[in-house]
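These are the residues of each chain, in order.
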Amino acid sequence: MKHTFLYIMLGVTLLVSNVLLVSNSQADRTGTISFASYIRSPDLFLIDSTGKNLRELTTDDRNKRSPTWSPDRRFFAYQSKDDKGLEIYVMDVESKTSRQLTNHPGRDLSPVWSPNGKWIAFVSDRAGDLDIYRIDVDGSNLKRLTKRGDNQNPAWSPNSQWIVYDSYQGGDHRPGGVPGRHFLYVMNANGARSKQLLEDLNISGCTWSPDGKHIAFASGNIGGDGVNIHIIDANGNNRRTLTRVGPNATARDPAWSPDGEWIAYFFVRLPVLNPGQAIPINQAFQNNVISVINTDGKDAEQPLEATRRLSTGPVWVPEVFFPVSPQPQSLPTQWGHLKK
């Protein structure tokens, strides 16, 4: 009996110590962010969310973008451009070996791995317009999910039952063309029950909160208050603006951290041009930087300076669950990070 009591007290002490450790470090950002950049080459990089420890994730200079992670962090998918076009690939983190997931003359891009690990959603123009598709992680069971307008930037709900995405409809992208309308939609994982959440200017990119209650997205007018990150409830209500970048600036590609405390995004302040003046696109965006802001918006945006120079598409690396077993004879219990 004494031994049992001792084990219980030891377990409580360890648990309380861990909780206190997490609580005392809440002011510090934790986690790892992956992103695409031309810092040294057109490859994928990793950086601590504090802005330290920049390192290359891939090194073969094949112009990779849009990293997305399997829930167990053993694999990541990405889009890569070669002589044949844009395709989706999956890389094993440990072996550094890749396999091609899609193979089509059209452009396949912007993959996102479902939280249940079963599917990868991606964007493709293989049927003409940009649409969202879903494919099993082994490359089988390809399914087209959208069929109206240009639909991009899919993001999974935490339970893998829904996909939110932005849609551009009724317009002409070419210079001088009639402007279209930008929407944010949510649909079932099989493409059914599509529902409009809102309409706004220049909607671009979205992300679901880990608890499934909120969606963050980018929208706005560069010539007005800039393109900012906004947050709404998952049903489209209670909108609030998270960033205040100002004119000639844009904040895009929001990505919610696994602990729900932070949003990473890509930020750039564009040069002010005279009428008729033009500069190369890579020069206009040469000061891109990945920034992080807490989701309550109380603190100022914090740029990760090591990412400055054509860095886009931040994605948080999933937190890995680890087994905890108080006695050798008992079955492991899966624990994530301890919440404060």
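Everything here concerns the structure above.
Residues numbered from 1 in each chain as written. Predicted model: local features only at pLDDT ≥ 70, side-chain atom pairs only at ≥ 80, totals over all residues. Heavy atoms only, no water.

## As for the pattern of salt bridges
All told, the structure shown has 8 salt bridges when counted by the stated rule. For Lys64, the salt bridge is made with Asp43, and the minimal N-O distance between the two is 3.5 Å. You can see Lys64 sitting in strand S4 (residues 64-69) and its partner Asp43 sitting in strand S2 (residues 43-48), a full 21 residues away along the chain. The exposure classification of Lys64 matches that of Asp43, with both residues buried. For the salt bridge of Asp200 with Arg239, the shortest nitrogen-to-oxygen distance reads 2.6 Å. In this pair, Asp200 is assigned in strand S15 (residues 195-200) and Arg239 in the loop between strand S18 (226-233) and strand S19 (240-241), connecting sequence segments 39 residues apart. (Salt bridge = Lys/Arg side-chain N within 4 Å of Asp/Glu carboxyl O. Helix = DSSP H or I, 4+ residues; strand = E, 2+ residues; numbered from the N terminus. Buried < 20%, exposed > 50% of the residue type's maximum accessible area, 1.4 Å probe, protein only.)

## With respect to the side chain of Ser209
Position of Ser209 relative to the elements: it lies in the loop between strand S16 (204-208) and strand S17 (214-221). Only 2.6 Å separates the side chain of Ser209 from the side chain of Asp211, close enough to count as a polar contact. In contact with Ser209, other than residues within four places in its own chain, are Pro158, His214 and Trp256. (Polar contact = N/O pair within 3.5 Å; in protein donor to acceptor, adjacent residues only side chain to side chain. Contact = heavy atoms within 4.5 Å.)

## Section: the pairing of strand S9 (residues 119-127)
Of all the 9 residues making up S9, 7 are buried; the element is thus mostly covered by neighbouring parts of the structure. Taking the residues between adjacent antiparallel strands as the criterion, strand S8 (residues 108-113) and S9 are bridged by 5 residues, where Gly117 takes a positive phi near 80°. Pairing analysis gives 7 bridges linking S9 to strand S10 (residues 129-136), with the strands arranged antiparallel. If you follow Ala121 over to S10, its bridge partner there is Arg134. Counting the residues in the hairpin turn of S9 and S10 gives 1 residue, including Gly128, whose phi is positive at 115°. (Pairing = 2+ DSSP bridges.)

## Describing the packing of aromatic side chains
Applying the stated criterion across every chain yields a total of 8 aromatic pairs. Aromatic side chains Trp69 and Phe76 sit 5.2 Å apart centroid to centroid with 45° between the ring planes, which places their arrangement in the tilted category. Each member of the pair Trp69 and Phe76 is classed as buried. For the pair Phe76 and Tyr78, a centre-to-centre distance of 5.8 Å together with 40° between the ring planes defines the contact as tilted. Accessibility assignment for this pair places Phe76 and Tyr78 in one class, buried. Chaining the aromatic ring pairs together yields one cluster made of Trp69, Phe76, Tyr78 and Tyr89. It is Arg134 that lies over the ring of Trp119; its NZ or CZ is 4.4 Å from the centre. (Phe/Tyr/Trp six-rings, centres within 6.5 Å; stacked < 30°, edge-to-face > 60°. Lys NZ or Arg CZ within 6 Å of the ring centre and 35° of its normal.)

## Re the pairing of S4
Bridging between S4 and strand S5 (residues 75-82) involves 4 bridges; their strand directions are antiparallel. By the bridge assignment for S5, Lys64 is matched with Ser80. Remark: 5 residues form the turn of the hairpin made by S4 and S5, two consecutive strands paired antiparallel; Arg73 in that turn has positive phi of roughly 70°.

## Section: the sheet that holds strand S1 (residues 32-37)
Here we have 4 strands laid out as an open sheet, ordered S3-S2-S1-S24, and antiparallel in their pairing. Taken across any chain shown, the strands that pair with only one partner, and hence form the sheet edges, are strand S3 (55-56) and strand S24 (311-316). As paired strands, S1 and S24 are joined by 4 bridges and run antiparallel to one another. When the sheet's bridge partners are listed, Ala36 is paired in S24 with Thr312.

## Considerations on the environment of Gly224
Of note, Gly224 is situated in the loop between S17 and S18. Spatially, the C-alpha atom of Gly224 lies 5.3 Å from that of Pro247, the residues being 23 residues apart in sequence. Dropping the residues within four chain positions of it, Gly224 is found in contact with Gly246 and Pro247.

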